[in-house]
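One-letter residues, chain by chain:
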Amino acid sequence: MRQLASLLRRLPPSCGPVRLIAVDGHAGSGKSTLAGRLAEALGGAPVLRLDDLASHEELFSWTGRLLSQVIEPFGRGETAHYAPYDWRARRFGPPRPLPAAPVVLVEGVGAGRRALRPFLACLLWMDMPPEEAWARGRSRDGEEQREFWDGWVAAEMRHFADDPSRPHAALLVRQLKQGYEVLPGPAGDLGPYRDFTHRDGPPAMW
């Protein structure tokens, strides 16, 4: 994690003064866990969870809120304020600040969508087959969320069919029994930092 964090810190800012890093992948693939560990390695970098911008009625139609509440303020070098959604109460809550820190992580399904990519310094994709990720998510959430998951899987499939993220990822992250494996993504290299993933040798592991 320290090596990956060091790489991300050295990338040029992508949204005002912010290096905006997306952690995308199928639901249940381990995005939240990776983002948490990476934020810690970055010294407490802020994490925006896209579950806070989505809602029951708009599982993937949150682009406008992200642009107006987060991207535009960051572009001006200002602290962003977003209204997180309460999934139990089914309503958006009071605004929450998100500082324009040197590195900010955006974590969630669709974080690498085309509307956001121009503002990203790096897109990480949690590389796990969808069926395996969804099975993990269903097991985690239990029987009471079965109906939600049935609707979610269909919505996620439609989203990625129209707006795939993986082909644009700079790095692929695979969770191992211990740590992670990081490989070059389909989008190509990261300029002067391409040796980070040992492109011509074994992948980096933590």
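Residues numbered from 1 in each chain as written. Predicted model: local features only at pLDDT ≥ 70, side-chain atom pairs only at ≥ 80, totals over all residues. Heavy atoms only, no water.

### Some remarks on the overall build of the chain
Then step 1. Assigned secondary structure in the chain consists of five helices and 11 strands.
Then step 2. For the chain, the C-alpha radius of gyration of 17 Å lies close to 17 Å, the compact-globule estimate for 206 residues.
Then step 3. C-alpha extents for the chain along the principal axes are approximately 45 × 40 × 30 Å.
Then step 4. By residue count, 49% of the 206 residues in the chain fall in the buried class.
Then step 5. Sequence separation of at least 24 residues holds for 67% of the intrachain contacts in the chain that already meet a minimum separation of 6.
Then step 6. Of the roughly 10100 Å² of accessible surface on the chain, 50% is carried by carbon and sulfur atoms.
Then step 7. Charge separation in the chain, taken as the distance between the mean sites of 26 positive and 25 negative side-chain charges, equals 4 Å. (Helix = DSSP H or I, 4+ residues; strand = E, 2+ residues; numbered from the N terminus. Rg over C-alpha atoms; globule rule 2.2 N^0.38 Å. Buried < 20%, exposed > 50% of the residue type's maximum accessible area, 1.4 Å probe, protein only. Contact = heavy atoms within 4.5 Å. Areas by Shrake-Rupley, 256 points an atom, 1.4 Å probe, with all protein chains shown as cover. Lys, Arg positive; Asp, Glu negative; His and termini not counted. Charge placed at Lys NZ, Arg CZ, Asp CG, Glu CD.)

### Observations regarding the confidence of the model for the chain
Then step 1. Residue-level pLDDT values for the chain average 89, and 90% of them are 70 or greater.
Then step 2. With pLDDT under 50 throughout, residues 191–206 is counted as low confidence; its partners more than four residues away or in other chains account for 40 contacts. (pLDDT = per-residue confidence, 0-100.)

### A closer look at the side chain of His26
Then step 1. By secondary structure assignment, the location of His26 is in the loop between strand S1 (19–25) and helix H2 (31–41).
Then step 2. A residue is classified by how much of its surface remains accessible, and His26, at 12% relative accessible area, is buried.
Then step 3. Setting aside anything within four residues of it in sequence, one finds His26 in contact with Lys31, Val109, Trp125, Met128, Pro129, Pro130, Ala133, Trp134, Glu156 and Phe160.

### Some remarks on the packing of helix H4 (residues 130–141) against helix H5 (residues 146–162)
Then step 1. The interhelical angle for the contact between H4 and H5, taken along N-to-C directions, is 155°, at an axis separation of 10 Å. Taken together, the axes of H4 and H5 lie roughly antiparallel to each other. Crossing geometry of H4 relative to H5 is assigned as right-handed. Within the contact between the two elements, H4 uses Trp134, Gly137, Arg138, Arg140 and Asp141 and H5 uses Arg146, Trp149, Asp150, Val153, Glu156 and Met157.
Then step 2. Of the residues in the contact of H4 with H5, the class split is four nonpolar, one polar and six charged. (Axes fitted to C-alpha atoms, helices over the stretch in contact; angles between N-to-C directions. Parallel < 35°, antiparallel > 145°, perpendicular 65-115°, else oblique. Left-handed = near helix turned anticlockwise from the far one by under 90°. Nonpolar A, V, L, I, M, F, W, Y, C, P; charged D, E, K, R; others polar.)

### Concerning the packing of aromatic side chains
Then step 1. Under the defined criterion, the tally for this structure stands at four aromatic pairs.
Then step 2. Plain terms: the ring middles of Trp125 and Phe160 are 5.5 Å apart, the flat faces sit at 75° to each other, and that makes the pair edge-to-face. With Trp125 in strand S8 (residues 122–126) and Phe160 in helix H5, the pair connects residues that are 35 residues apart, well separated along the chain.
Then step 3. Note on Trp125: relative accessible area 4%, which makes it buried.
Then step 4. Over the ring of Trp62 we find Arg113; its NZ or CZ atom is 3.7 Å from the centre of that ring. (Phe/Tyr/Trp six-rings, centres within 6.5 Å; stacked < 30°, edge-to-face > 60°. Lys NZ or Arg CZ within 6 Å of the ring centre and 35° of its normal.)

### Side note on the pairing of strand S9 (residues 171–175)
Then step 1. In the sheet, S8 pairs with S9 via three bridges, with the strands oriented parallel. Looking at S9, one finds that Trp125 is bridged to Leu172.
Then step 2. Relative to strand S10 (residues 180–184), S9 is paired through five bridges, and the arrangement is antiparallel. Counted as the bridge partner of Leu171 is Pro184 from S10.
Then step 3. Two successive antiparallel strands, S9 and S10, enclose a turn made up of four residues, where Gly179 displays a positive phi of approximately 80°. (Pairing = 2+ DSSP bridges.)

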